[in-house]
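A look at the structure
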Amino acid sequence: MLLPDGFEQTTALLMGTERWERYQESLSSERPVSIHLNKMKTQAMTVDPEMFQTQIPWCPNGFYLRQRPTFTFDPLWHAGLYYVQEAASMFISEVLRQHTSLPVMALDLCAAPGGKSLLLRDTLPAGSLLFSNEPMRHRANILSENIQKQGNPDVVVTNNYAQDYRRSGMLFDVILTDMPCSGEGMFRKEPEALQQWTPQLVDQCSQLQRNILDDIWPCLKIGGILIYSTCTFNRQENEDNIRYILDHYDAEVLPIEISKAWGITPSLSKDLPYSVFRFIPGMTHSEGLFMAVIRKNDGEVSNRKKDKKDKGKTKQRGNNNKTAIPHWLLHQDDYHLVWKEDLVTAIHQQWRDTYANAESTLKVIHAGVPLAVSKGKDLIPCHALALSTALDSSAFPTAEVDAPTALQYLRKETITLSESLPKGFVLITFRKQPIGFVKNLGNRTNNLYPAEWKIKSSYLPDNLPLVLK
């Protein structure tokens, strides 16, 4: 791999001889393949021994695979039982286990495509609420899809910028800022990152990151933690920005206990001898990542404005009679039902005020459990309901299908069901895991899988990549 001159000179000097040589060697090797299991859906499952290589040491539910299967053809991937995630990113799991023990309200500010949000939601203490945000709309839609597949009801997905959160006045115990960056740690994975790299891009990203920090810092509660990360190597976007936070705010860097065997590199800046963490390919079995954990100490939150206009009253059109909503959720009485146009969504009672505030100040594109869409006198169950861990599966007749039929369904093709099944909505399962709904009309079925999510490939491999057992 031919590296840019400016990058090679500065990074070799920053890393030192041994790290730089091992990094260069890693560029000619195959990238490691790793997945993160959704513990709420995989309690009785594990990685197939034929796929399993080893566990990721800093993440109990993270695993390296021996090879990279075509995940598109695994129905359990579509059902949200696992997510393909870079191993270094899973270090967030270790951070949260060491610094969060009570329920929190957390924000993943730059979340798409969603891997870190899924890991956050899987690791946060029970009773926590996660806001998962992405400022770019098309990427926010991908984020929403992945969040819905995971199925946790205590997540809100938004499509906003950091300054919007600042204006909202919302406060969080934990904020993850996985910053847009120059992408030096992604050269092996994404060739376009290599092509786009320039010293000017590094400078632009560093300034953008500081602007984001200035906007989001007022949203962090006193005593709360900010997790700062990038997938790049240079000082400007990493140690220098941690120094910027410490120079401009009342804050401190928190330690994380790690094992030397993990191969994580400490700070490469002599004037910042703090506990920061660098994942360098060749030193760790991963792509590149930088991470630091910062606590906000006593100090006033400045320039935080709260929009007091009452924009949060949700438009209520269509059927708003709560008694007409079937009991499709486990413990449905624990939820507050919200109508927004023709969509009814279930929000945990404890979060109804938080949700209302978010609706009034932010652009919410997904929240809680989308239950149903009202069409005339009918209520059509949402696909997100099928994938939710709050679903009461006994509320629907169930059709267990084999792998080829599951893939037909995921292509949004018509599937044939047993004549013994009643007419109406039927929950389709694969290996007893819900993958979606159909409407059984007796002589045929209407496939209710979202058109924008369907598998577009018509190819059917001889051996399906069943990663879990």
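Computed from a prediction, not measured in an experiment: that's the story for all the values here.

To continue, consider the packing of helix 4 (residues 91-99) against helix 5 (residues 115-123). Helix packing for two helices is described by the angle between their axes and how far apart those axes are. Where helix 4 meets helix 5, the closest approach of the two axes is 9 Å, and the angle between their N-to-C directions is 30°. Relative to helix 5, the element helix 4 lies roughly parallel. Between helix 4 and helix 5 lies a crossing of right-handed hand. Only Lys 116, Leu 119, Leu 120 and Thr 123 of helix 5 make contact with helix 4, whose side of the interface consists of Ile 92, Ser 93, Leu 96 and Arg 97. Split into classes, the residues belonging to the contact of helix 4 with helix 5 amount to four nonpolar, two polar and two charged.

This part takes up the packing of aromatic side chains. Under the criterion given, the structure shown has 22 aromatic pairs. With a centroid separation of 5.1 Å and 45° between ring planes, the pair formed by Trp 328 and Phe 396 is classed as tilted. Remark: Phe 396 occurs in the loop between helix 12 (383-387) and strand 18 (398-401) and Trp 328 occurs in the loop between strand 12 (289-296) and strand 13 (335-340); sequence separation between them is 68 residues. A relative accessible area of 9% means that Trp 328 is categorised as buried. Aromatic rings pair up to connect Phe 7, Trp 20, Tyr 23, Phe 187, Trp 197 and Phe 233 into one cluster. The ring centre of Trp 453 lies 5.5 Å from the NZ or CZ of Lys 149, which sits over that ring.

A few words on the packing of helix 9 (residues 199-216) against helix 10 (residues 239-248). Between helix 9 and helix 10, the least distance of the axes is 11 Å, while the angle of their chain directions is 30°. Relative to helix 10, the element helix 9 is oriented roughly parallel. Relative to helix 10, the crossing made by helix 9 is right-handed. Contact residues: Ser 206, Gln 209, Arg 210, Leu 213 and Asp 214 in helix 9; Asp 240, Asn 241, Tyr 244 and Ile 245 in helix 10. Looking at the contact of helix 9 with helix 10 residue by residue, the classes come out as three nonpolar, three polar and three charged.

Once that is clear, we can look at the confidence of the model for the protein. This prediction gives the protein a mean pLDDT of 93; 94% of its residues lie at or above 70. Contacts from residues 300-323, a stretch scored under 50 in pLDDT, to residues over four places away or in other chains number 42 contacts.

Three or more residues of helix 2 (residues 17-26) are buried, namely Trp 20, Tyr 23 and Ser 26. For helix 2, the angular spread of buried residues about the axis comes to 120°, placing them on one side. Among the exposed residues of helix 2, those oriented more than 90 degrees off its buried face are Thr 17, Glu 18 and Glu 25. Next to the buried residues of helix 2 lie helix 1 (5-15).

What follows deals with the sheet that holds strand 4 (residues 82-84). Two strands in a sheet stick together by hydrogen bonds in their backbones, pointing the same way (parallel) or opposite ways (antiparallel). If you trace the four strands from one edge of the open sheet to the other, you get 2-3-1-4, paired in antiparallel fashion. Every interior strand has two partners, whereas the edge strands, strand 2 (52-55) and strand 4, have only one. Strand-to-strand twist across the sheet, computed as the mean angle between neighbouring axes with direction ignored, equals 30°. Alignment of strand 1 (residues 33-37) against strand 3 (residues 62-65), held across four bridges, turns out to be antiparallel. Bridge assignment links Ser 34 to a residue of strand 3, and that residue is Tyr 64. In the packing of helix 5 onto the sheet, the strands contacted are strand 1 and strand 4, and the crossing angle to strand 1 comes to about 40°.

Once that is clear, we can look at the pattern of salt bridges. Using the criterion set out here, one finds 15 salt bridges in the structure. A salt bridge links Arg 22 to Glu 18; its shortest N-O distance comes to 3.7 Å. Here Arg 22 and its partner Glu 18 are both found in helix 2, four residues apart, which amounts to about one turn of the helix. Assessed through its relative accessible area of 32%, Arg 22 is described here as partly exposed. Note that Asp 215 is salt-bridged to Arg 166, the shortest N-O span being 3.7 Å. On the criterion of sequence distance, the pair formed by Asp 215 in helix 9 and Arg 166 in helix 7 (residues 162-168) is long-range, its members being 49 residues apart. A cluster of three or more residues bridged by salt bridges with shared partners is formed by Arg 235, Asp 240 and Asp 271.

On to unusual backbone geometry, then. Residue Pro 113 is reached from Ala 112 by a cis peptide bond, and omega for that bond is 5°. Within the secondary structure layout, Pro 113 lies in the loop between strand 5 (105-108) and helix 5. Despite not being glycine, Glu 341 has its phi angle at roughly 55°, a positive value. Its place among the elements puts Glu 341 in the loop between strand 13 and strand 14 (343-348). Although it is not a glycine, Lys 432 adopts a positive phi angle of roughly 70°. Mapped onto the elements, Lys 432 comes out in the loop between strand 19 (424-430) and strand 20 (433-440). Note on Lys 432: relative accessible area 73%, which makes it exposed.

The rules we used
Residues numbered from 1 in each chain as written. Predicted model: local features only at pLDDT ≥ 70, side-chain atom pairs only at ≥ 80, totals over all residues. Heavy atoms only, no water. Axes fitted to C-alpha atoms, helices over the stretch in contact; angles between N-to-C directions. Helix = DSSP H or I, 4+ residues; strand = E, 2+ residues; numbered from the N terminus. Parallel < 35°, antiparallel > 145°, perpendicular 65-115°, else oblique. Left-handed = near helix turned anticlockwise from the far one by under 90°. Contact = heavy atoms within 4.5 Å. Nonpolar A, V, L, I, M, F, W, Y, C, P; charged D, E, K, R; others polar. Phe/Tyr/Trp six-rings, centres within 6.5 Å; stacked < 30°, edge-to-face > 60°. Buried < 20%, exposed > 50% of the residue type's maximum accessible area, 1.4 Å probe, protein only. Lys NZ or Arg CZ within 6 Å of the ring centre and 35° of its normal. pLDDT = per-residue confidence, 0-100. Arc of directions from axis to C-beta. Pairing = 2+ DSSP bridges. Salt bridge = Lys/Arg side-chain N within 4 Å of Asp/Glu carboxyl O.

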